[in-house]
Amino acid sequence: NKQYDYLIVGSGLFGATFAHEMTKAGKKCLVIDKRDHSGGNIHCKKIEDINVHWYGAHIFHTNDKTLWDYVNQFAEFNRYTNSPIANYKQTFYNLPFNMNTFYKLWGSKTPSEAKAEIARQIEHLNLDEPQNLEEQALKLVGTDIYEKLIKHYTEKQWGKKATELPAFIIKRLPIRFTFDNNYFNDKYQGIPIGGYNKIIDCMLKNSDVKLDTDFFEDRAFWSSQAKKIVFTGKIDNYFDFKFGELEYRSLRYELEVHDTENFQGNAVMNFTDAETPYTRVYEHKHFEFGTQPKTVITREYPITDTKNAEPYYPINDERNMSVLKQYQQLAELESNVIFGGRLAEYRYYDMHQVIASALKKTKSELETE
Ligand code: FDA
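None of the values given here were measured: they were computed from a predicted structure.

## Some thoughts on the domain arrangement of the chain
Here is step 1: Taken as a whole, the chain is organised into domain 1 (4-80 + 189-247 + 314-367) and domain 2 (96-169).
Here is step 2: A straight line from the C-alpha centre of domain 1 to that of domain 2 covers 36 Å.

What follows is the structure, encoded as structure tokens:
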């Protein structure tokens, strides 16, 4: 007497993609979410007729044509290109580090001048084996870029000195010797016209959806509703934290409505000095080339005390990875449960990656039936 084929815990991009594919294949899905809205972290709220990215800026980008076509079936995408501005003590630099940045920093007019300047700054540092994040970043980009554009921003993000952070956090730094301010290298990029909610609503339209519903408040009841469970919440929570909690970095957002048409002239501004307490300011209308009379901005503050905060970025250090391994071993024994998405896999996924992962899981699920 199980009513549904799948109970999907979490209506984020993983759960919604799974629900879409399964309902398309004729399965009955019940999607529950503890929040008062669907969409997980890509959810937008309409304020002053502007789509406000409620859980931080979301820019869709991918190199994969199949995934690009896949999302375009739910919404058309605009031509938004992410080109953040770095604000260091009120001097502005282009990101990612490129010829515009080098020209502003040193007056370099050619790629070879810029390369020579970076090489000159790295030369005397003696950093063959970087011992921490500071040394690693210095080795990659030299002193000026590190001091003005990386050091304080990273220290604010982590609430720790760069010399106390491990080198592995920074493996590569995007650096290019062209005048190209496009942050991403991917072939396809944009924001869905009409907002991300349109995609999620479309994906969930043939499922039953219950919001304000936490799986853990009555897991026996919810589990009894379906033959199988797709779990996209926190994996440590699923196993009652028996091996301890997995840690996350988090952020806090302060929203402001301004009675002006254009507040900062760009969707994303990074604050790379130590004096400014926030890391970024988003001006949401610029994601969609909005012309509304007012504007909505969000100031983003990193938080170090993450007890009751939203779990945003997994911390992939040794301790967390070994705790995760223990949970994954238990997860393998749960034959009726599919664990997927960024919380259940404790993995940072971009949107295109989480869709790819959900598509892969639905495919193997349908094949093994
Ligand atoms: P997600 O967290 O979205 O969904 C999980 C859902 O499960 C939530 O709705 C939650 O409420 C629900 N849930 C959890 N526990 C539950 C329980 N016990 N009972 C019921 N429901 C429960 N990607 C990108 O491509 N470009 C970008 O620009 C960005 N930007 C970005 C900024 C920030 C600050 C973050 C943190 C992330 C990004 N991302 C991104 C990544 C993007 O947000 C991510 O890929 C997807 O939202 C992941 O979707 P999931 O479904 O895995 O998780």
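## Observations concerning unusual backbone geometry
A negative phi angle characterises most non-glycine residues, just as the trans form characterises most peptide bonds.
Here is step 1: Of note, the bond from Leu 95 into Pro 96 is cis; its omega dihedral lies within 30 degrees of zero at -10°.
Here is step 2: Relative to the helices and strands, Pro 96 resides in the loop between strand E7 (91-94) and helix H3 (99-106).
Here is step 3: A positive phi angle, close to 55°, is found at Glu 48, a residue other than glycine.
Here is step 4: Residue placement: Glu 48 occurs in the loop between strand E3 (44-47) and strand E4 (50-53).

## Describing the pairing of strand E2 (residues 29-32)
Moving residue by residue along a regular strand, the side chains alternate between the two faces of the sheet.
Here is step 1: Of the two faces of E2, the one holding Cys 29 and Val 31 and the one holding Leu 30 and Ile 32 are both buried throughout.
Here is step 2: By the bridge criterion, four bridges tie strand E1 (residues 4-9) to E2 in an arrangement that is parallel. Bridge pairing in E2 places Ile 8 opposite Val 31.
Here is step 3: With helix H1 (residues 13-24) bridging E1 and its parallel neighbour E2, the resulting β-α-β unit is right-handed.
Here is step 4: The pairing of E2 with strand E9 (residues 208-210) spans three bridges and is classified as parallel.

## Re the site of the ligand
Here is step 1: Close to the ligand lie 35 residues; Gly 10, Gly 12, Gly 40, Gly 233 and Gly 341 are nearest.
Here is step 2: Taken together, the elements giving at least two residues each to the shell around the ligand come down to H1 and helix H11 (351-367).
Here is step 3: Its residues assigned to classes, the shell around the ligand shows 17 nonpolar, 12 polar and six charged.

## Some remarks on the UniProt feature "domain: UDP-galactopyranose mutase C-terminal" (unreviewed entry) in the chain
Here is step 1: Mapped onto the present numbering, the UniProt feature "domain: UDP-galactopyranose mutase C-terminal" (unreviewed entry) falls on residues 148-348.
Here is step 2: Its end C-alpha atoms 27 Å apart, residues 148-348 is made of 22% helix and 22% strand.

## Concerning the sheet that holds strand E14 (residues 295-303)
Here is step 1: Pairing is mixed in the open sheet, where seven strands are placed in the order E7-E6-E12-E13-E14-E11-E15. Looking along the sheet, the strands with just one partner apiece sit at the ends: E7 and strand E15 (313-314).
Here is step 2: Of the strand pairs in this sheet, strand E6 (residues 85-88) and strand E12 (residues 268-271) are connected by three bridges, and their pairing is parallel. Bridge assignment links Ile 85 to a residue of E12, and that residue is Met 269.

## Side note on the confidence of the model for the chain
Here is step 1: Averaged over the chain, the pLDDT score is 96; the fraction of residues at 70 or greater is 100%.
Here is step 2: Overall fold confidence for the complex sits at a pTM of 0.96, while the interface term, ipTM, reaches 0.99.

## Here we look at the environment of Asn 72
Here is step 1: Relative to the helices and strands, Asn 72 resides in helix H2 (residues 65-72).
Here is step 2: Accessibility expressed as a C-beta count within 10 Å gives 14 for Asn 72, which makes it partly exposed.
Here is step 3: Here the alpha-carbon distance between Asn 72 and Asp 240, two residues 168 residues apart in the chain, equals 39 Å.

Criteria and cut-off values
Residues numbered from 1 in each chain as written. Predicted model: local features only at pLDDT ≥ 70, side-chain atom pairs only at ≥ 80, totals over all residues. Domains from an automatic or database assignment. Helix = DSSP H or I, 4+ residues; strand = E, 2+ residues; numbered from the N terminus. Buried ≥ 20, exposed ≤ 12 C-beta atoms within 10 Å, placed from the backbone. Pairing = 2+ DSSP bridges. Right-handed = clockwise from strand over helix to strand, strands pointing away. Near = placed C-beta within 6 Å. Nonpolar A, V, L, I, M, F, W, Y, C, P; charged D, E, K, R; others polar. UniProt positions renumbered as here; feature names shortened; annotations may be inferred. pLDDT = per-residue confidence, 0-100.

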